[in-house]
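# A structural walkthrough
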Amino acid sequence: MVRRLLYVCAATCVVGCIMGALVWRYGAAVSFRGIVTSAAANPQDGKVARGSYTSDYFGLSYRLPPGWTVAEEGPGPSSSAYYVLTTVIPEGEPNATILIAAQDMFFVGEEAGSLADQARDLQQGFANIAGMTIDREAAEMKVADRPFYRVDYSGVGLYRAMMITEIRCHVFSFNVTARDPELLNRLVQALDSDLSFATAGDAASASPPCVKDYAAGDNVLHKVSPVPVGPRFVPIPVRMIVNADGGVRHVHVIRATDEQRRSIEDALYRWKLKPYQVDGRASAVETGLVLRFKPDN
Amino acid sequence: MLGVAVWSGWAPAQAQTRGATDPGVRGGAPGAGGPLPGLSQDEVNFFNAAADVFQEDENVAAGLGPRFNLDSCSGCHFHPAAGGSSPAVNPQVKVATANGARNVVPSFIKANGPVREARFVRNPNGTPDGGVHALFVITGRADAPGCNIQQPNFAAAVAANNVIFRIPTPTFGLGLVEAVPDSGLRASLAANGAQKRSLGISGDFNVTGNDGTITRFGWKAQNKSLLIFSGEAYNVEMGVTNEAFPNEREDNPNCQFNNLPESTTRLVNTTNSASPASDFSSDIVNFTAFMRMLAPPTPASATPATAQAPAAATTQVASATNTSVLGTAAGTSSTSPAATTATTTRGQQVFSNIGCQNCHAVSLTTGKSAMTGQSNVTFHPYSDFAVHAMGNGLADGVTQGNANGSEFRSAPLWGVGQRIFFLHDGRTNDLKDAIQAHASTGSEANSVIHNFNLLSTSDQQALLNFLRSL
């Protein structure tokens, strides 16, 4: 009995050591849904499985409405770091759709402003379209205990709601479209119970703070330039996570050719940055930068 | 105009019984083919003389071949007028055996199908190809004695699923497109960002690796300018070497009959047309002049000013205070207002409400232009000239510049009312099928097509009617 207990303790220690090593080296962790995964997951890695959309990067899970399924997958990340995460539709006769998307706010061209500003801009944009009616002005609301902004609008027999919240410096959105307003409301209201976010105790919630343009200027102590390959002049957005010691833990080349991706990863993993400070203590940080290869001459 | 009245009259009834249907090619006179309004007399003379050059048939002595797809520009760019797109009867069938040639017509070329060029996706060793493999050779022609090259093995390429097709892009109004500054295009793409993000739309520009500026012509926006477009097409489609592309793609010595380049600037005027500029210019400069001064298609109804009501209206006023606002040619609110019908007005609302205009942007404005009267002109191409991911269903696997195998330029929709074949490969002549083909795995248009499918039949019909009015 004692021996068995010792075996269990030893096995637990070994597993713990392996997990610790993974966390130290790769940021691997147990996700809030109990799945061993990488804390350095990327936004596009979320998937629909067993009736739920789950994203470890964004730390959320969304249970699809009963009888709904995934529509066609969307495009890959854009050069402005916009992600079509998934689109779900009812099986059978289409009467509604839900598009889940995210925009990395490090890479939008314009100054983004607050979430409230963005909701108001959105509303203004829809109001400018001939035949479009704003049915519900942009306003803050809680969904699954998280602040969202909601705008409802309609036109040509389609009723729509856009729900946006901010996660890791991304505007994360649910875009609901339905043929009738009652169905729209049901789908939006169901989000409150069908959506869940990682809580403070979950590993997936422990994402580093996100800071725009941190990997620039004097913050970069050692820089290695990527070897220019592939198309020139094309902006390449990159997210990176920097450890508390200034070493680069994770590089996410958001959109590039394969050869550009390899070149950039090879270079950026060798960067050394000034440790980011939170309340006087060194902290990991998530940031972004845009690379653009120029002609050799 | 009668044709417009007829199709717009019966369409709703069709919709009630059989679902929305494409009203078909708009009849009546071609709403295209003339010069831009406001040009000087010298420019109009140049345009008219250049139009003749654009419509010339070439033979081997003039540079045709050794490999080619057709023997004139206007053979491909023919409908509804010179400068347009593929005609109803494919001239490639006839040219295959013209003047004694012994070409076999490939299986994908049909007498009633679109004019097509063929590109191979991969080389035999598996590396990317993407280049045009001309359909025909001059072997056997009376004007090519001794040349004995063979056509590519298209049957094998088809069997290996290694060939994709492109149809001619219409060239109406492209001088205005060329005159839009990069900043104008970038502002157009950045506009309505929140709306685009609510629909899964992003897009980006293809750029030249030489100076980083936006390229905007061709199915993947791969060509920088109308001059480059002309030079490349003259060499690749007709085999005529020129000052921009001076070398033969096929250099079999038995098939070389001319000094290169085959079309050059003329030092002596032997034509004596009304335009000395045309007479002295090489062919590709003439082609460029023709396309640069070719007016946009005239729509059947006056539509664009209300599509994005506040923004468009503001632009129109701003333009009017400058040099000119394109009137009849570009379809401003002064254009044939009597032709507007309730269904096309509704269709225009549908177009903007479901999100089509986020890629098929309604309006652009030129910058300072060397052409008389063409500065600060607002026009309505219904394209943002950006490239967008269009999904596996449309992907052709060919990368051009930074447009990858599934990305295509938003096809300008002006003149779509009189187009016969749709999509880059001309796979359909049914506008509704073309709309549905926008949705597939990986397409930015999926949400817009979902919206289209959620519409009532009458609203789907209104959209089709509106598009056929352009």
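Our structure is the block above this text.
No experiment lies behind these values; they were computed from the predicted model shown.

We now examine the state of the cysteines. Under the criterion given, the structure shown has two disulfides over all chains. Each sulfur in the disulfide pair A:Cys169 and A:Cys210 lies 2.1 Å from the other. Its S-S torsion of approximately 85 degrees makes the covalent link between A:Cys169 and A:Cys210 right-handed. Of the two residues, A:Cys169 is situated in the loop between strand 11 (158–167) and strand 12 (170–178) and A:Cys210 in the loop between strand 13 (195–197) and strand 14 (220–222); the sequence distance between them amounts to 41 residues. Taking the relative accessible area as the measure of exposure, A:Cys210 reaches 25% and is therefore partly exposed. Here B:Cys147 connects covalently by a disulfide to B:Cys255, the sulfurs 2.0 Å from one another. The chirality of the disulfide connecting B:Cys147 with B:Cys255 is right-handed, given an S-S dihedral of about 90 degrees. With a gap of 108 residues between them, B:Cys147 in the loop between strand 3 (136–137) and helix 5 (154–159) and B:Cys255 in the loop between helix 9 (226–238) and helix 10 (276–280) connect regions that are remote in the sequence. Judged by its relative accessible area of 5%, B:Cys147 is buried.

This next bit is on the layout of surface pockets. The computed volume of the largest pocket comes to approximately 760 Å³. Surrounding the largest pocket, 34 residues form its lining, A:Ser79, A:Ser80, A:Phe107, A:Gly109 and B:Leu189 being those nearest its centre. Where the lining of the largest pocket is concerned, the elements lending two or more residues are strand 15 (236–242) and strand 20 (285–291) of chain A together with helix 7 (182–190) and helix 8 (193–197) of chain B. Of the residues assigned to the lining of the largest pocket, the class counts are 16 nonpolar, 10 polar and eight charged. Structurally, the lining of the largest pocket is a two-domain feature, drawing no fewer than three residues from each of domain 1 (2–206) and domain 2 (217–291) of chain A. Counted as a void, the second largest pocket has a volume near 600 Å³. In terms of lining, the second largest pocket is formed by 31 residues, of which the most central are A:Arg255, A:Ala256, A:Thr257, B:Asn404 and B:Glu407. Broken down by secondary-structure element, the contributors of at least two residues to the lining of the second largest pocket are helix 4 (258–268) of chain A together with strand 7 (387–389) of chain B.

The topology assignment puts B:Glu237 in helix 9. Not counting residues within four places of it along the chain, the set of residues in contact with B:Glu237 comprises B:Phe68, B:Asn69, B:Leu70, B:Glu117 and B:Glu232.

A few words now on the pairing of strand 9 (residues 133–143) of chain A. In the case of a regular strand, side chains alternate between the two sheet surfaces. Residue and element names in this part refer to chain A. Alignment of strand 9 against strand 10 (residues 146–155), held across eight bridges, turns out to be antiparallel. Within strand 10, the residue paired with Met-141 across the bridge is Phe-148. Between the antiparallel neighbours strand 9 and strand 10 lie two residues, among them Ala-144 with a positive phi of about 50 degrees.

Of note, A:Met162 is situated in strand 11. The exposure class of A:Met162 is buried, given its relative accessible area of 6%. Residues A:Met162 and A:Asp258, 96 residues apart in the sequence, show an inter-C-alpha distance of 34 Å. Not counting residues within four places of it along the chain, the set of residues in contact with A:Met162 comprises A:Leu122, A:Tyr149, A:Arg150, A:Val151, A:Tyr153, A:Ser173, A:Phe174, A:Asn175, B:Ala194, B:Arg197 and B:Ser198.

A sheet is described by the order of its strands in space; here seven strands give the open sequence 6-7-8-12-11-10-9 (chain A), paired in antiparallel fashion. Bordering the open sheet on either side are strand 6 (68–70) and strand 9 of chain A, each of which pairs with just one other strand. Within the sheet, the average angular offset between the axes of one strand and its neighbour, ignoring direction, is 20 degrees. Pairing geometry for strand 10 of chain A and strand 11 of chain A, over seven bridges, is antiparallel. The residue of strand 11 of chain A that forms the bridge with A:Gly155 is A:Leu158. Of the strands in this sheet, strand 7 (82–90), strand 8 (96–104), strand 11 and strand 12 of chain A touch helix 15 (residues 446–454) of chain B, which is tilted by about 160 degrees from strand 8 of chain A.

On to the pattern of salt bridges. Residue and element names in this part refer to chain A. As enumerated under the stated definition, the model contains 19 salt bridges over all chains in all. A salt bridge links Arg-239 to Asp-104, with the shortest nitrogen-to-oxygen separation between them at 2.7 Å. Taken together, the residues span a long stretch of sequence, with Arg-239 in strand 15 and Asp-104 in strand 8 at a distance of 135 residues. When its relative accessible area of 3% is taken as the criterion, Arg-239 is described as buried.

Parameters at a glance
Residues numbered from 1 in each chain as written. Chains lettered and ligands numbered in written order. Predicted model: local features only at pLDDT ≥ 70, side-chain atom pairs only at ≥ 80, totals over all residues. Heavy atoms only, no water. Disulfide = S-S within 2.5 Å. Helix = DSSP H or I, 4+ residues; strand = E, 2+ residues; numbered from the N terminus. Buried < 20%, exposed > 50% of the residue type's maximum accessible area, 1.4 Å probe, protein only. 1 Å grid on protein atoms, 1.4 Å probe; cavity = no way out; pocket = protein on both sides within 12 Å on 5 of 7 lines; lining within 4 Å. Points joined across faces, edges and corners; volume = space filled by probe spheres on them. Nonpolar A, V, L, I, M, F, W, Y, C, P; charged D, E, K, R; others polar. Domains from an automatic or database assignment. Contact = heavy atoms within 4.5 Å. Pairing = 2+ DSSP bridges. Axes fitted to C-alpha atoms, helices over the stretch in contact; angles between N-to-C directions. Salt bridge = Lys/Arg side-chain N within 4 Å of Asp/Glu carboxyl O.

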